[in-house]
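Read off the chains here:
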Amino acid sequence: MADRWPETPPFGGQFDEVLPHLTIAQGQDDAVLEEAEADLCGRLPVTARVSSVDLMVHDGTRWQQRASFALR
């Protein structure tokens, strides 16, 4: 997949295949992660229509929206 972005491969080309994903939680205590997992397991798979996607960046302190891309 990195060949699709020769100048700026996702994750610096570290991975051969990059799959789209949604991060639900990261860096919380195990109890919080386990509660989120238990809550989500009964709700999967998620089916939705998406009209745009947002590029979020972390500046070391907080997440900020860098750009938004409309989808057809």
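For the structure, see preceding data.
Our subject in this report is the structure included herewith.

What counts and how
Residues numbered from 1 in each chain as written. Predicted model: local features only at pLDDT ≥ 70, side-chain atom pairs only at ≥ 80, totals over all residues. Heavy atoms only, no water. Helix = DSSP H or I, 4+ residues; strand = E, 2+ residues; numbered from the N terminus. Pairing = 2+ DSSP bridges. Patch = residues over 30% accessible without salt bridge, like charges linked within 9 Å, V, L, I, M, F, W, Y side chains within 5 Å. Areas by Shrake-Rupley, 256 points an atom, 1.4 Å probe, with all protein chains shown as cover. Salt bridge = Lys/Arg side-chain N within 4 Å of Asp/Glu carboxyl O.

### Topic: unusual backbone geometry
Logical step 1: Here the bond from Leu-44 into Pro-45 is cis, since omega is -5 degrees, no more than 30 degrees from zero.
Logical step 2: Topologically, Pro-45 is positioned in the loop between α1 (30–41) and β1 (52–58).

### What to know about the pairing of β1
Logical step 1: In this sheet, strand β2 (residues 63–70) lies alongside β1 in antiparallel orientation, the contact comprising 7 bridges. Bridged to Leu-55 within β2 is Ala-67.
Logical step 2: As consecutive antiparallel partners, β1 and β2 are separated by 4 residues, and within that stretch Gly-60 has a phi angle of approximately 100 degrees, a positive value.

### Considerations on a nonpolar patch on the surface
Logical step 1: A grouping of Val-50, Val-53, Leu-55, Phe-69 and Leu-71 is seen on the molecular surface, where their side chains present a nonpolar patch of about 420 Å² in accessible area.
Logical step 2: For Leu-71, the position within the fold is in the segment after β2.

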